[in-house]
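# Descriptive analysis of the structure
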Amino acid sequence: MNWKKWVKYIGIALLVLTIGGAVFLYFGMNSSMKQFYGANTPVVDHTQFKPSTGRVAIQNVNILSPDAEQFIEGQTVIIDNGTIQSIDSTSIISTQTKIIDGTGKFLIPGLIDSHVHLFYSPNDLLLYIANGVTTIREMMGNKERLGWKKEIENGRIGPKMWVASPPLGTADNMEKRMISWTRQAKNVNTASQAEKAIEDFIDKGYDGVKIYSHLNKESYLAATKKANDLDFPIVGHIPWETELEDVWDNGQSEVAHFEELMNALRRKFDESKEEDDDLLEYIIQESEQLAEQLIQRDIAVTSTLSLVDGVYNQKFDLEKVLKGVELNYANVGLVEGVKFGDSGFGWLPGTNLYRLPSGLTEEQIEGQKQFWSTYVNACKTLAVELTKRGVNILAGTDANIPCTVPGFSLHDEFNSLTQFGMSNAQVLRSATSAPSKWLGHNTGKITVGLDADLVLLDKDPLSNIANTRAINTVFSNGKVYDRQLLDQMLEAVKGANDSVRKIDINQYSK
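All of these numbers come straight from a predicted model, not from anything done at the bench.

Cut-off values and rules
- Residues numbered from 1 in each chain as written.
- Predicted model: local features only at pLDDT ≥ 70, side-chain atom pairs only at ≥ 80, totals over all residues.
- Heavy atoms only, no water.
- Helix = DSSP H or I, 4+ residues; strand = E, 2+ residues; numbered from the N terminus.
- Buried < 20%, exposed > 50% of the residue type's maximum accessible area, 1.4 Å probe, protein only.
- Contact = heavy atoms within 4.5 Å.
- Areas by Shrake-Rupley, 256 points an atom, 1.4 Å probe, with all protein chains shown as cover.
- Expected span 1.5 Å × (residues − 1).
- Pairing = 2+ DSSP bridges.
- Axes fitted to C-alpha atoms, helices over the stretch in contact; angles between N-to-C directions.
- Parallel < 35°, antiparallel > 145°, perpendicular 65-115°, else oblique.
- Right-handed = clockwise from strand over helix to strand, strands pointing away.
- Core = buried A, V, L, I, M, F, W, Y, C linked by side-chain atoms within 4.5 Å.
- Nonpolar A, V, L, I, M, F, W, Y, C, P; charged D, E, K, R; others polar.
- Phe/Tyr/Trp six-rings, centres within 6.5 Å; stacked < 30°, edge-to-face > 60°.
- Lys NZ or Arg CZ within 6 Å of the ring centre and 35° of its normal.
- Lys, Arg positive; Asp, Glu negative; His and termini not counted.
- Salt bridge = Lys/Arg side-chain N within 4 Å of Asp/Glu carboxyl O.

### Topic: the overall build of the protein
A count of helices and strands for the protein gives 17 helices and 20 strands. Relative to its 510 residues, the protein shows a buried fraction of 55%. Contacts in the protein between residues at least 24 apart in sequence constitute 72% of all its contacts with a sequence separation of at least 6. Surface summary for the protein: the accessible area is close to 22400 Å², and the carbon and sulfur share equals 50%.

Here it is, written out as structure tokens:
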């Protein structure tokens, strides 16, 4: 027997099995991740919904003033070809105009969610319109989402879309490779790779570059310089390897969360703290200079405060969180999730992304509570301080991150913003005129000549911000969606979800 020959064959066989196993594992996990991101949920046929079009007059309505501080009573707003044609109290309405009685109702600009993730979930486009959200910033773009944006521009039902690039990150170890894979990031390790990525993003039609936390400093500096040279917006996280001064000096025009700024301050605090130092006191002390830099550099901050609260509550009272959101409308793949050993990606118990690790002692659980309580309070403290100092804040939700239901979550965010220092008028500006100006869109106010992206409410949102939920009619991209049609859209999304649901969620019914 030729042992050398058999050893060679065995070696080849083991190599084939190893490679085959790795390929099988990769494609299996990739399929599971697509399932988690909602790829297996049936897509609702949006063409079945027939919003009205043509010339419209909203008669005798209260309209939100351009500064969002008051309502102007008894106005008639005429809309034609998706544009606000006139606003006054004495308009003569032609017989070809559809009349909507606005008596006792309140007209506001269409809402803008400045931080969402569509993943593989096009049904969310219906949820946004049904919740009065007429523009979104998609913060983890890909070719498919660029396609949806184009389809909406050509008549598909959905909000206007601003689509960021895939997140730009550096995967130089296993942990970062896992982050990059699960977050669908574009990996760059050098300045030249970062510069090439910016050029590719522009060529592919993205609206800006999304910076992610694990991008190395060399690549961050190169990417931001290249993006600035090409007038390409830079948005997103503050990388772990950088400092706030790098953000100030390199043209980033938006920071994606209050917590990104808080984490940057915490890193500085950890490097210099004394035994009796207090993180919250440190944040208050630093917030004035921080606000000055943000205002001076015209850097906006997107809020996502409701999610920060949600992370803590999902760790320690998940059932309460699940009962507090419109779970029926969230994509089933996201809600039910997938599990890899002790890890998971999902919303429900067993797979919830934010759940505590199993096997913790009572002492360890208390330590987790203390840490996350401090974390949440630090984010809220910073939000209060920056709000007081007039930083440009954009309302955003991180929609589709557990447990933020697209469309509905923006109204939850409004509630959080009022709790931490914003007036109702400031909240409305943070979701209308402020993000519209940042985007350079022809929306955000009720003014002649602007796009007629509008929401007609049955109740006054300046008296109670929760009244943004009292939606009567939505005007978007030249289409008019009455309450009956909005309800039909919601019911269709719920039906699509129910058709593939494997886990009973009735116990969490809101």
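Here the narrative resumes.
### Some remarks on helix α10 (residues 305-316)
Taking 1.5 Å as the rise per residue, α10 with 12 residues should run 16 Å; its terminal C-alpha atoms sit 18 Å apart, in good agreement. If you check which residues of α10 are buried, you get L305, L307, V308, D309, G310, V311, Q314 and K315.

### A look at the sheet that holds strand β17 (residues 393-394)
The 3 strands are arranged β13-β14-β17 in an open sheet whose pairing can be described as parallel. The sheet terminates laterally at β13 (254-255) and β17, the two strands that pair on one side only. Of the pairings in the sheet, the one linking β13 to strand β14 (residues 300-302) comprises 2 bridges and is parallel in character. Considered in β14, the bridge of V255 is made with V301.

### So, the packing of α10 against helix α14 (residues 408-419)
Interaxial distance between α10 and α14 falls to 7 Å at its minimum, and their mutual angle equals 90 degrees. If you check the angle between α10 and α14, you find them roughly perpendicular. Contacts from L305, S306 and L307 in α10 reach D412, E413, S416 and L417 in α14.

### Side note on the pairing of strand β6 (residues 111-116)
The two faces of the sheet receive side chains in turn, since in a regular strand these alternate between them. Here β6 lies mainly inside the structure; 6 of its 6 residues are buried. One crossover worth recording links β6 to the parallel strand β7 (residues 133-138) by way of helix α2 (residues 124-130), and it is right-handed.

### Here's the deal with the nonpolar core
Of all hydrophobic cores here, the largest spans 136 residues; its most connected members are L107, L261 and F475. In terms of residues, this core owes the most to one element, helix α13 (residues 362-388), which gives 8 residues. Filtering out sequence-adjacent residues up to four positions away, L107 remains in contact with I58, V61, N62, I63, L64, F71, V77, I446, L454, V455, L456 and F475.

### A short note on the environment of E199
For E199, the location among the structural elements is in helix α5 (residues 191-204). In sequence terms E199 and F232 are 33 residues apart; their C-alpha atoms lie 9.7 Å from each other. Beyond its immediate sequence surroundings of up to four residues, E199 is in contact with K226 and L230.

### Quick word on the sheet that holds strand β8 (residues 160-163)
Reading across from one edge, β6-β7-β8 is the order of the 3 strands in this open sheet, with parallel pairing throughout. With partners counted over all chains shown, the strands left at the sheet margins are β6 and β8, one partner each. Strand-to-strand twist of the sheet, defined as the mean angle between neighbouring strand axes without regard to direction, takes the value 15 degrees. By the bridge criterion, 4 bridges tie β6 to β7 in an arrangement that is parallel. Within the sheet, the bridge partner assigned to L111 lies in β7 and is V133. Packed onto the sheet, helix α3 (residues 143-153) meets β7 and β8 and runs at close to 150 degrees relative to β8. The strands that α14 touches are β6 and β7; relative to β6, the one it contacts most, it runs at about 95 degrees.

### Things to note about the packing of α10 against α13
At a closest axis distance of 10 Å, the pairing of α10 and α13 adopts a crossing angle of 170 degrees. Between α10 and α13, the crossing angle belongs to the class labelled roughly antiparallel. Counting all contacts with α10, which are made through L305, V308, D309, V311, Y312, K315 and F316, the residues of α13 involved are I365, Q368, K369, W372, S373, V376, C379, K380 and A383. Split into classes, the residues belonging to the contact of α10 with α13 amount to 10 nonpolar, 2 polar and 4 charged.

### A word on the packing of aromatic side chains
Two aromatic rings, taken as a pair, are described by how far apart their centres are and by the angle between their planes. This model, assessed by the stated rule, comprises 10 aromatic pairs. With centroids separated by 4.4 Å and ring planes inclined at 40 degrees, the aromatic side chains of Y37 and F119 adopt a geometry described as tilted. Linking Y37 in the loop between α1 (3-36) and β1 (56-64) with F119 in the loop between β6 and α2, this pair joins segments that are 82 residues apart in sequence. Each of the two residues, Y37 as well as F119, counts as buried. Grouping aromatic residues by their ring pairs yields a cluster made of F371, W372 and Y375. Geometry around W162 places R137 over its ring, the cationic atom sitting 5.4 Å from the centre. A cation over a ring is seen here: R137 above W438, with NZ or CZ 4.7 Å from the ring centre.

### Details of the side chain of E260
The residue E260 is located in helix α8 (residues 258-272) in this model. No salt bridge forms around the buried E260; measuring N to O, its nearest opposite-charge neighbour R267 is 5.8 Å away. When neighbours within four sequence positions are excluded, E260 is seen to be in contact with S213, H237, I238 and V255.

### Focus on the pairing of β7
Burial runs high along β7: 6 of the 6 residues are buried. Of the strand pairs in this sheet, β7 and β8 are connected by 4 bridges, and their pairing is parallel. Following the sheet pairing, R137 is matched in β8 by W162. With α3 bridging β7 and its parallel neighbour β8, the resulting β-α-β unit is right-handed.

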